[in-house]
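# What the coordinates show
Here is how the chains run, residue by residue.
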Amino acid sequence: MEKILVLDFGGQYNQLIARRVRAENVFAEIVPYGKTDCEKILAAGYKGIIFTGGPNSVYDTASPHFDPAVLGLGIPVLGICYGHQLAAYMAGGVIAPAENGSEYGKAELTAGESVLFRDVPQKSVCWMSHTDCVKELPDGFSVIARTDNCPCAAMADEKRRVYGVQFHPEVTHTEYGRQILRNFVFGVCGCKPDWKMDDFIETSVEKYRKELAGKRVLLALSGGVDSSVAAALLHRAIGSSLTCVFVDHGLMRKDEGDIIENVIGKKLGVNVIRINAEERFLARLKGVSDPERKRHIIGEEFIRVFEDESEALGKMDYLAQGTIYPDVIESGKGDSAVIKSHHNVGGLPDVMKFEGIVEPLRELFKDEVREVGEKLGLPRELVWRQPFPGPGLGVRVIGEVTKEKLDMLREADAIFREETDKAGAAPNQYFAVLTDTRSVGVMGDARTYGYTLALRAVTTDDFMTATWTRLPYEILEAASGRITNEIKGITRVVYDITSKPPATVEWE
């Protein structure tokens, strides 16, 4: 099996790069820059190397660097953002703060002649996110693309097959990004498309069958896509040694607890235990408004509930979770910056009674998880279930979480999803957020003073970037009218038109 090395320098999109390569049926392996060297790279037989982005400046002595000899191994190299600057720096170029200022977001790319831009129009849209730039090219390199604010948006040493792009071809917003990566993988590296998602399933099942032999595993089942697919995968590997526990923390969407208990348990074919812990969670969250504190409290309480249940069931050796890569990267991984802690990653307590954590989907994105679920034979209604954060409505109620607010939000969210579904609209994720802003309204000639509710819908394929969905006004009007008329305490409805970045999909 041929493979590409993704050399990780702490970028937010490192796994997304690997995802794009794997989407071409070529295996991609992520290795932190400090855990390999040129000898190991040669021995592994990689067909190509991709340097990821990162939050540092290459001229800072404390920033991540690598052996410049990697550029002379005869293996094609593609540097992205920080990786582009690092490749230039290692080859003797000069990196400096951009003279025209930082460049973030969409930019018009003008591409020149290069195998890297084969079948890419001369003018297209790319996605930039940088403060520094390549000021002076190394010997042997030439500029192959530019933008108005970046004279060296891409460079190439065709003889050594070393390339660099200042923009991010891996994100959805770069119009021909996938074609550029495809050109590198096939046109430059000469790879063959010989890796399939079936390989991931077979490898994972065999891995956990061996590693968890004789062990009992408690899986935290949320009822969402990720934990359900994780359950199906582990059940195939260890069978009856897996027990799924659904903690109803009172932060679920309308009727979701019953759906999980009555439908998902039967569909998965494993033992599902439901624990009603609403009072326990709300007591811990009382008076807490900081989103990070809420996530950590919810994460820790989840673990404590699982530990209690583990004791009731007899000793359980491992805790399994449906953690996926966007959870990991936003919570901080390696040299990556922390965006927000996810309850099942950054929110885990330091001391747990389990031997360890099992996260079989940790390296996958949402679309890959869905693909795995379909290949495992899970029903479509489960695989394509609306994404839902692990902390539930706890991070969709802005400010302090109370039973009253949760009940309002549950009803409002159900109405919005119902009106959206009825109209046949298909955002990748859509939900309601109860803000902590109160405003004056008028109902029946009387003054009211209630909460402002925000509606959110996004279109994405990887959840690392997302565009706000242009829902028809008729849907928004119907949802707003029903919410303000049917739910006491909500006097105003607004629609969120912010993409990711700069926002995240969730408000907290």
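Report on the accompanying structure. (Residues numbered from 1 in each chain as written. Predicted model: local features only at pLDDT ≥ 70, side-chain atom pairs only at ≥ 80, totals over all residues. Heavy atoms only, no water.)

### Regarding the sheet that holds strand β12 (residues 217-220)
- As summarised here, the arrangement of the 5 strands in space is β14-β13-β12-β15-β16, forming an open sheet in which the pairing is parallel. Taken across any chain shown, the strands that pair with only one partner, and hence form the sheet edges, are β14 (272-276) and β16 (356-358). Averaged over neighbouring strand pairs, the angle between their axes works out to 30° when direction is ignored.
- One ladder, built from 3 bridges, connects strand β15 (residues 318-320) with β16; its direction is parallel. Its bridge partner being in β16, Y318 is matched across the sheet by G356.
- Across the face of the sheet, helix α7 (residues 256-268) comes into contact with β13 (242-248) and β14 while running at roughly 170° to β14.
- Packing of helix α9 (residues 291-313) onto the sheet brings it into contact with β12, β13, β14 and β15, and relative to β13 it is tilted by some 135°. (Pairing = 2+ DSSP bridges. Helix = DSSP H or I, 4+ residues; strand = E, 2+ residues; numbered from the N terminus. Axes fitted to C-alpha atoms, helices over the stretch in contact; angles between N-to-C directions. Contact = heavy atoms within 4.5 Å.)

### Details of the state of the cysteines
- Scanning all chains against the criterion turns up 0 disulfides.
- A disulfide-free cysteine, C81 has its sulfur positioned 9.5 Å from the sulfur of C150, the nearest such atom.
- The structure places no disulfide on C152, whose sulfur is separated from the nearest cysteine sulfur, that of C150, by 6.4 Å. (Disulfide = S-S within 2.5 Å.)

### Examining the pairing of strand β6 (residues 103-111)
- In this sheet, strand β7 (residues 123-130) lies alongside β6 in antiparallel orientation, the contact comprising 8 bridges. Following the sheet pairing, K106 is matched in β7 by W127.
- Here β6 runs beside strand β9 (residues 142-146); their pairing, made up of 2 bridges, is antiparallel. When the sheet's bridge partners are listed, A111 is paired in β9 with A145.

### Some details on the side chain of T491
- Along the chain, T491 turns up in strand β20 (residues 490-495).
- Looking at T491, its side chain comes within polar contact range of the main-chain oxygen of G450, at 3.4 Å. (Polar contact = N/O pair within 3.5 Å; in protein donor to acceptor, adjacent residues only side chain to side chain.)

### Remarks on the side chain of H249
- Within the secondary structure, H249 sits in the loop between β13 and α7.
- Its relative accessible area of 1% is what places H249 among the buried residues.
- Reaching out from H249, the side chain makes a polar contact with the backbone nitrogen of L251 at a distance of 3.0 Å.
- Apart from residues lying up to four places away in sequence, H249 is in contact with A277, E278, F281, F302, G390, P391 and G392. (Buried < 20%, exposed > 50% of the residue type's maximum accessible area, 1.4 Å probe, protein only.)

### Remarks on α7
- Listing the buried residues of α7 in full gives E256, G257, I260, I264, G265 and L268.
- Structurally, α7 contributes buried residues whose contacts are with α6 (225-238), β13, β14 and α12 (380-383).
- Looking one or two places after α7, you find G269, whose phi comes out positive at around 75°.

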